[in-house]
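# An overview of the molecular structure
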Amino acid sequence: MASVVVVGTQWGDEGKGKIVDLLTRYAECIVRFQGGNNAGHTLVVDGKQYIFHIIPSGILYEGKICMIGNGVIIDPAVLLGEISKLAERGLKVTPERLMISENAHLIMPYHKSLDLAREAALAQGRKIGTTGRGIGPCYMDKVGRFGIKVGDLLDTTLFEEKLRANLEEKNFLLTEKFGAEPLSYDRIRADFEEHARSLAPFVGNVSMALDRFRKNGSNILFEGAQGTQLDIDHGTYPYVTSSNTIAANASIGSGFGPVHIDAVIGILKAYTTRVGAGPFPTELLEGDPIGDALQKKGGEFGATTGRRRRCGWLDAVVAADAVRLNSLTGLAITKLDVLSGQPKLKIARKYVVDGQDFECMPANIRKAEKIKPVYEEMAGWGDEIRHVRSYADLPATARDYIKRIEDITGVEPVIVSVGPDREETLLLKNPFVQA
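Overview of the structure. The shown structure was predicted, so the numbers you read here are calculated from the model rather than taken from an experiment.

To continue, consider the environment of Ser-113. Note that Ser-113 resides in helix 3 (residues 109-121). Between the C-alpha atom of Ser-113 and that of Leu-268, which follows or precedes it by 155 residues, the distance is 34 Å. The contacts of Ser-113, once residues within four sequence positions are left out, are Leu-174 and Leu-183.

Further remarks concern the packing of helix 5 (residues 156-177) against helix 6 (residues 185-199). Direction vectors running N to C along helix 5 and helix 6 enclose 145°, while the axes themselves pass 11 Å from each other. In this structure, helix 5 meets helix 6 at a crossing whose hand is right-handed. Where helix 5 approaches helix 6, its residues Phe-159, Glu-160, Leu-163, Arg-164 and Leu-167 are matched on the opposing element by Tyr-185, Ile-188, Arg-189, Phe-192 and Glu-193. Partitioned by chemical class, the residues of the contact of helix 5 with helix 6 number six nonpolar, no polar and four charged.

Another point: the pairing of strand 10 (residues 220-223). Sheet faces and side chains relate simply in a regular strand, where the side chains alternate between the two faces. In strand 10, alternate side chains face the same way, and those of Ile-220 and Phe-222 on one face and Leu-221 and Glu-223 on the other are all buried. Pairing of strand 2 (residues 29-32) with strand 10 involves four bridges; the strand directions are parallel. Bridge pairing in strand 10 places Cys-29 opposite Ile-220.

The subject of this paragraph is the nonpolar core. Ranked by internal contacts, the top residues of the largest apolar core, which has 53 residues, are Leu-79, Met-108 and Leu-221. Take this core: its biggest share by element is five residues, from helix 6. Each residue touching Leu-221, except ones within four places of it in the same chain, is listed here: Val-4, Val-6, Val-20, Leu-23, Thr-24, Ala-27, Cys-29, Ile-30, Val-31 and Phe-432.

The next subject is the side chain of Glu-82. Following the sequence through the fold, Glu-82 ends up in helix 2 (residues 76-88). No salt bridge is formed by the buried Glu-82, whose closest oppositely charged neighbour, Arg-32, lies at an N-O distance of 6.8 Å. Other than its neighbours up to four places away in sequence, Glu-82 contacts Phe-52, His-53, Ile-54 and Ile-55.

Each full turn of the α-helix corresponds to 3.6 residues, which orients residues three or four apart in the same direction. Listing the buried residues of helix 9 (residues 289-297) in full gives Gly-291, Leu-294 and Gln-295. Along helix 9, the residues classed as buried sweep out an arc of 100° about the axis, all on the same side. Looking at helix 9, the residues exposed on the side facing more than 90 degrees away from the buried face are Pro-289 and Lys-296. Buried residues in helix 9 make contact with strand 13 (310-312). Capping the start of helix 9, Asp-288 holds a side-chain oxygen 2.9 Å from the backbone nitrogen of Ile-290, two or three residues further along. Positioned one or two residues after helix 9, Gly-299 has a phi angle of 55°, which is positive.

Conventions used here
Residues numbered from 1 in each chain as written. Predicted model: local features only at pLDDT ≥ 70, side-chain atom pairs only at ≥ 80, totals over all residues. Heavy atoms only, no water. Helix = DSSP H or I, 4+ residues; strand = E, 2+ residues; numbered from the N terminus. Contact = heavy atoms within 4.5 Å. Axes fitted to C-alpha atoms, helices over the stretch in contact; angles between N-to-C directions. Left-handed = near helix turned anticlockwise from the far one by under 90°. Nonpolar A, V, L, I, M, F, W, Y, C, P; charged D, E, K, R; others polar. Buried < 20%, exposed > 50% of the residue type's maximum accessible area, 1.4 Å probe, protein only. Pairing = 2+ DSSP bridges. Core = buried A, V, L, I, M, F, W, Y, C linked by side-chain atoms within 4.5 Å. Lys, Arg positive; Asp, Glu negative; His and termini not counted. Salt bridge = Lys/Arg side-chain N within 4 Å of Asp/Glu carboxyl O. Arc of directions from axis to C-beta. Polar contact = N/O pair within 3.5 Å; in protein donor to acceptor, adjacent residues only side chain to side chain.

In structure tokens, the structure reads:
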């Protein structure tokens, strides 16, 4: 039995969905432990593309149990829409295959309205780049002890009491502070009555279920969303998400004891990308031919927002932060194929800010915005590598690049992805076997 956590090491969009899909083959239970539908995992299976926002991507495997932990915040309409779309493609999601934590919090319509209103009110240049999905306001209500939980859907009286109290305050903010339209209590109540009927069979105690799986000797895979530099405590605040994205939250966001975690795999894209605003030291600005080539070849558009991802060279400072913060035991290097054709590659080894060296991301956001990265260069490779199915068959300079990443981070690569399809992946070491 082993329990493995998968996390992003950069600003998200590292290709976690594909790696989770690969590792799902060896797990009986797959758990999503944080975030909401502001994150998207894209998988390509037999040439067909699947995009998941809430349901763990392990749902594509028959016989696997998927769980949505208490650390996830759920928009019921989005979740039910995802279930419906999977059914249309011949994959029926049943309560036997999906459990939703009764302690997960609900994204309400007023959260989305407030999210958009607050972002619109920020001055240009200070905007966070929110997706407008209501993530931040929902987490604010959660820590403020005003939130509505999934379990509350099963108690009509309690749900209505909480909705009425919340909506009174939220409508005041929307109308008086932001000049927006108020929301209808009756409309929300009616919609959520429908949601409650549909979701009730899926609701349960995820923590207890996971403990049973552990005691029965099952392999458990924990699936994170976003990336380390988007962590609310450890990321490039305030340009972060509203939850903890690092590996420690696998325990908190699911109710699974931390001593039972055996391995933590960090997904590291072979270059670096970021969506939205915030510091990005190694960015190749739009119009830079190399940055534009990476963006085009890598298909760098957000799975959730459709926004163009900013692209840049691999940032080893960011990688080092991820190793330390997550206790990484292995790396999954993704999108190596996108670098094919680049004669020279760069890796940022440290930062300089106002003449001072930094070997980690500065906590001060103004310093982070003034970073000048210090690079080392390596030779690239010309050959395309999507057909490669053995590590030894990679070009020598590609293997050199991977080895340099290992030397810098001190963490061995266990997976290398050479293309978007499920089969275009080199499994060097199975973390469930080696954990």
